[in-house]
Amino acid sequence: MSKARSPSEEEGIHRLPRGRHALPPAVVQAEQRRRLIAAVPAVAAERGYAAMSVADVVRAAAVSRNAFYANFANKQECFAAAVEAGHERLFAVLAEPCDRRASLEERLETRIGAALGLLASDPDLARMLFAEAPGAGREEVLRQHRWLRRYGELLRAAVPDAEVGKGAELIVTGGLATRIAAEMLGRRGPNLRLLTPNFVAFLLTIYGPVAAEATGAEGSEPPPSRSTEEAAARSPRRRAPG
């Protein structure tokens with residue numbers, strides 16, 4: 001029985017026409033690059049970053065070795081491109097606009113649920129981003145930190161009044177990333193969406209009180225000024241009609 005392809009593979013592996021064709025070389029190379037990037041998550045999930053080779057990626061992408069080296073210098077460069085593309089895809093889901101009338105809890109449930117749903121539907125992508133990339137060398141660690149900061153910036157934009165420093169945001173997003181990695185290493189990828197309530201509750205303990213204060217302030221009337229109170233005290237009371 002052949003192995004079922006992940007969503008990453010289904011989206012990315014499309015064979016070019018065989019034999020002579022009229023496609024421009026630049027188009028062919030761009031398509032080969034896309035296929036190579038799309039093949040990486042499944043290869044990294046099956047073999048692990050350390051064990052995966054250029055030959056593994058070339059075989060999965062159904063391109064030649066020459067095509068690989070026309071696009072990438074080595075496996076590290078190809079892996080980096082795949083990780084970058086994966087984070088872009090995840091970030092786009094998290095950054096989709098929500099109903100501004102919704103509460104912070106509702107907005108978090110919507111976006112966190114959608115992001116975890118994406119990762120659950122494509123466990124190879126989730127494993128590559130959160131389990132394999134952190135162990136793929138210094139450059140990939142730095143890349144992940146950059147992306148964790150970007151995810152933190154999304155939280156800051158959702159609750160701009162929160163007094164959470166950039167260093168603390170990295171701890172928050174890093175903690176969530178670590179939990180996803182643990183699920184992937186435990187082969188519980190399809191159940192990632194079940195983490196939505198836990199993630200939302202965790203984020204509300206940090207950002208929720210500030211959002212509640214801001215909502216309360218918007219819905220309340222401003223206190224009367226001292227001059228208004230004094231004028232009210234001096235004005236004669238009207239007697240109720242008998």
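Now for a quick tour of the structure. Owing to the predicted nature of the structure, the values given are computational and were not obtained by experimental measurement.

Let's talk about helix H7 (residues 123–132)
So, step 1. Within H7, eight of the 10 residues are buried, which leaves the element mostly enclosed by the surrounding structure.
So, step 2. Listing the buried residues of H7 in full gives Asp-124, Leu-125, Ala-126, Arg-127, Met-128, Leu-129, Phe-130 and Glu-132.

Quick look at unusual backbone geometry
So, step 1. Of note, the phi angle at Ala-62 is positive, near 60 degrees, even though the residue is not glycine.
So, step 2. Summarising the element assignment, Ala-62 is placed in the loop between helix H3 (54–61) and helix H4 (65–71).
So, step 3. Residue classification places Ala-62 among the partly exposed residues on the basis of a relative accessible area of 24%.
So, step 4. Not every positive phi belongs to a glycine, and Arg-187 is a case in point at roughly 60 degrees.

Looking at the packing of helix H2 (residues 25–47) against helix H5 (residues 75–94)
So, step 1. The geometry of H2 relative to H5 is characterised by a closest axis approach of 9 Å and an angle of 85 degrees between their N-to-C directions. Taken together, H2 and H5 sit at an angle that is classed as roughly perpendicular. Of the residues in H5, those in contact with Arg-33, Leu-36, Ile-37, Val-40 and Ala-44 of H2 are Cys-78, Phe-79, Ala-81, Ala-82 and Ala-85.

Topic: the pattern of salt bridges
So, step 1. Per the counting criterion, the structure on display carries 13 salt bridges.
So, step 2. Close ionic contact of Arg-34 with Glu-31 constitutes a salt bridge, the shortest N to O distance being 2.6 Å. Taken together, the residues span about one helical turn, with Arg-34 and Glu-31 both in helix H2 at a distance of three residues.
So, step 3. With a relative accessible area of 16%, Glu-31 lands in the buried category.
So, step 4. Between Arg-127 and Glu-132 there is a salt bridge; the shortest N-O distance is 3.2 Å.

What about the environment of Glu-88?
So, step 1. With respect to the helices, strands and loops of the structure, Glu-88 is situated in helix H5.
So, step 2. By relative accessible area, Glu-88 is classed as partly exposed at 39%.
So, step 3. Sequence spacing of Glu-88 and Trp-147 is 59 residues, and the spatial spacing of their C-alpha atoms is 9.1 Å.
So, step 4. In this view, Glu-88 contacts Trp-147 and Arg-150; residues no more than four positions away in its chain are not counted.

Description of the side chain of Arg-111
So, step 1. Mapping Arg-111 onto the fold places it in helix H6 (residues 104–121).
So, step 2. Not counting the four nearest positions on each side in its chain, Arg-111 is found in contact with Val-93, Leu-94, Glu-96, Pro-97 and Cys-98.

With respect to the packing of aromatic side chains
So, step 1. According to the stated counting rule, one finds six aromatic pairs in the structure shown.
So, step 2. Relative to Phe-79, the ring of Tyr-49 has its centre 4.6 Å away and its plane inclined at 55 degrees; by these criteria the two rings are tilted. Of this pair, Tyr-49 sits in the loop between H2 and H3 while Phe-79 sits in helix H5; the two residues are 30 residues apart in sequence, bridging distant segments of the chain. Like Phe-79, Tyr-49 is buried.
So, step 3. A centroid spacing of 5.8 Å and a plane angle of 50 degrees characterise the contact between Phe-68 and Phe-72, whose relative ring orientation is tilted.
So, step 4. Among the residues examined, Phe-68 registers a relative accessible area of 0% and is labelled buried.
So, step 5. On the basis of relative accessibility, which here comes to 2%, the residue Phe-72 falls in the buried class.
So, step 6. Taken together through their ring pairs, the aromatic side chains of Phe-68, Tyr-69 and Phe-72 make up a single cluster.
So, step 7. The ring of Tyr-49 carries Lys-75 above its face, with NZ or CZ at 4.4 Å from the centroid.
So, step 8. One Lys or Arg, Arg-150, reaches over the ring of Phe-91 and ends 4.2 Å from the middle of that ring.

The rules we used
- Residues numbered from 1 in each chain as written.
- Predicted model: local features only at pLDDT ≥ 70, side-chain atom pairs only at ≥ 80, totals over all residues.
- Heavy atoms only, no water.
- Buried < 20%, exposed > 50% of the residue type's maximum accessible area, 1.4 Å probe, protein only.
- Helix = DSSP H or I, 4+ residues; strand = E, 2+ residues; numbered from the N terminus.
- Axes fitted to C-alpha atoms, helices over the stretch in contact; angles between N-to-C directions.
- Parallel < 35°, antiparallel > 145°, perpendicular 65-115°, else oblique.
- Contact = heavy atoms within 4.5 Å.
- Salt bridge = Lys/Arg side-chain N within 4 Å of Asp/Glu carboxyl O.
- Phe/Tyr/Trp six-rings, centres within 6.5 Å; stacked < 30°, edge-to-face > 60°.
- Lys NZ or Arg CZ within 6 Å of the ring centre and 35° of its normal.

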